[in-house]
Amino acid sequence: MNVAQPQYDRARLTPGIVHIGVGNFHRAHMAVYLDDLFALGESHDWAILGAGVRPADAAMRSALKTQNCLSTVIELDPQGRRARRGGAMVDFIEVDPSNAPLIKAMCRPEIRIVSMTVTEGGYFIDPATGELDPTKPEIVADSRNPDRPATAFGAIIAALRSRRAAGIPPFAVLSCDNLRSNGHCARAATVGLARLSDSSLADWIASNVSFPNTMVDRITPATGTRERAMAAAFGLAEDPAPVTCEPFRQWVMEDQFPSGRPALEKVGVVFTDRVHAFETMKIRILNGGHAIIAYPAGIKSIEYVHEATANQTITAFLDRVLTNEILPIVPPPAGQDLFEYQRQTLKRFRNPEIADTVRRLCFDGSNRQPQFIIPSIRDNLDKGVMPRGLILESALWCRYCYGIDERGQTIEPNDPCWNALTAAARAAKENPERWIGMRTIYGELADNRQFVGAFADALHLVWSQGVNAAMLRYLENTV
Ligand code: NAD
């Protein structure tokens, strides 16, 4: 099968970006956008130097170095898979516990962006304050040893210190992690950590370094046997680290790059000062939509997301809740048609090639519901609308956390707070207020009698008639 190769002379590329955390997502997202841009003959001084601060990154480095830093990316299009060898990365910096090679590379004047995908945990942010948590052991260690940092942010601070001393303008720090206001999180981590050892440097960073917020989107599974077999079918069995991903991708960011940036707008990246509006759209429709199908599917023992979307009642439930209760309260970002986004979202859920699991979507409701569902409930109530579909979704989450599905099978723990959730779900079967009374999740909604009554009705319906009948009743009543 055909594998697309870089359509430009890689030998003529020069680096402009250091990327920390070369996982699957980076290679399926940012590196693909740059590969497309280079193929247009544009921005050839913005190639990527791969980097990492963890031992696993050394393994990725040796894997990629065996193939001249080319990355295999297979797009899982249901109409037919497509493979490419992305060439945007030209080298991978040596991974060393002191991070000296990384710091040295970030001091090179031609490096004007340091980007990262270091996962949510890599920011050490205290969710209660939105600021750096100074008690984390890694942060304590880096604040005591700023010249031998172990974290990505410690290394960034060391490089910024050297650049300031040498009179080299700072680079922009570009977070590509799936965090709301990820630029603010990167700023909080960098300035907060610098302040623990050098407050004048912290002030200088706060005034001189830009941290654009970005919204990133592309489902990129971890690589396992199935993905390796796909690579082998393209004649790439020797590739030690192939990546697969859905065809859809989106990247929205603030245009805050004082030292310049690649012309990414030429390959579909949206530059806007309203990234927050795109994040809201994604969280309420895509992530909210995932939650709406996850729990009925989980209770009905459905394994894969595309199987859940083949169930007509679940799809009708999703469609109705999105159309009647979510789209009306989401302000559309400029140039974005929410109905088209909804249509596209359902198409993405239906893609059988991704083999995304219902269990993954059901995971961590205690953290996800307050972000993905409860704000939509609140917004409807504020408008005087009782969002019965979203309330049924909440009742289905409660029913799922009971821990036994409709076939009588045990649902294995699927939340960091699983034991507390299960206890509340069991008590709620008789007394629904025990569920809504979880104030860390429902907040002041626990005091809204109409909401509590509607939740009790929904939960009663689910227990007395089953999940399918509960969804059908909602669909009949909202026609
Ligand atoms: P991955 O496991 O393939 O790679 C994770 C990378 O992060 C590795 O390089 C690892 O060394 C590094 N890392 C992990 N913890 C770190 C830490 N504490 N400090 C520094 N580096 C650390 O995962 P992935 O699929 O590439 O996803 C990475 C991130 O990308 C996600 O956490 C998410 O924020 C974002 N993202 C992923 C997807 C997706 O579908 N995979 C979609 C959108 C956004």
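The structure presented is a predicted model; accordingly, all values stated were derived computationally and were not measured. (Residues numbered from 1 in each chain as written. Predicted model: local features only at pLDDT ≥ 70, side-chain atom pairs only at ≥ 80, totals over all residues. Heavy atoms only, no water.)

Peer 1: Just to check I follow, could you spell out the sheet that holds strand E4 (residues 71–75) for this structure?
Peer 2: What holds strands together in a sheet is hydrogen bonding between their backbones, with the strands either parallel or antiparallel. Ordered in space as E1-E5-E4-E12, the four strands form an open sheet in which the pairing is mixed. This sheet does not close on itself; its edge strands, each paired only once, are strand E1 (3–4) and strand E12 (243–245). In the sheet, E4 pairs with strand E5 (residues 82–86) via five bridges, with the strands oriented antiparallel. Directly across from threonine 72, in E5, lies its bridge partner arginine 85. Strands in contact with helix H2 (residues 30–39) are E4 and E5; relative to E5, the strand with the most contacts, it is inclined by about 80°. (Pairing = 2+ DSSP bridges. Helix = DSSP H or I, 4+ residues; strand = E, 2+ residues; numbered from the N terminus. Contact = heavy atoms within 4.5 Å. Axes fitted to C-alpha atoms, helices over the stretch in contact; angles between N-to-C directions.)

Peer 1: Explain the domain arrangement of the protein chain to me, please; I cannot follow it from the model alone.
Peer 2: Size of an interface, as often reported, equals the accessible area lost when the parts are brought together. On domain assignment, one finds that the protein chain holds domain 1 (3–273) and domain 2 (276–477). Here the C-alpha centre of domain 2 lies 33 Å away from the C-alpha centre of domain 1. Of the roughly 1,700 Å² buried where domain 1 meets domain 2, counting both sides, 53% is carbon and sulfur surface. Area buried by domain 1 at its contact with domain 2 is led by Arg180, Met215 and Ile219, which between them contribute 35% of it. The interface formed by domain 1 and domain 2 holds three salt bridges in total. (Domains from an automatic or database assignment. Buried area = accessible area lost by both parts, 1.4 Å probe. Salt bridge = Lys/Arg side-chain N within 4 Å of Asp/Glu carboxyl O.)

Peer 1: Explain the environment of asparagine 431 here, please?
Peer 2: By the element assignment, asparagine 431 lies in the loop between helix H18 (418–430) and helix H19 (433–436). A residue is classified by how much of its surface remains accessible, and asparagine 431, at 37% relative accessible area, is partly exposed. For the pair formed by asparagine 431 and leucine 459, sequence separation is 28 residues and the distance between their alpha carbons is 10.0 Å. (Buried < 20%, exposed > 50% of the residue type's maximum accessible area, 1.4 Å probe, protein only.)

Peer 1: Sorry, what's going on with unusual backbone geometry here?
Peer 2: Residues other than glycine predominantly adopt negative phi, and peptide bonds predominantly adopt the trans conformation. Positive phi, close to 65°, is recorded for asparagine 99, a residue that is not glycine. Along the chain, asparagine 99 turns up in the loop between strand E6 (89–92) and helix H4 (100–106).

Peer 1: What exactly am I supposed to notice about the environment of tyrosine 474 here?
Peer 2: Assignment of secondary structure puts tyrosine 474 in helix H22 (residues 467–477). Judged by relative accessible area, tyrosine 474 falls into the buried class, the value being 6%. Each C-alpha atom, one on tyrosine 474 and one on arginine 320, is 9.2 Å from the other, the two residues being 154 residues apart in sequence. Apart from the residues within four sequence positions on either side, tyrosine 474 is in contact with Phe317, Arg320, Val321, Glu325, Arg388, Gly389 and Leu392. For tyrosine 474, the side chain forms a polar contact with the side chain of glutamate 325, separated by 2.9 Å. (Polar contact = N/O pair within 3.5 Å; in protein donor to acceptor, adjacent residues only side chain to side chain.)

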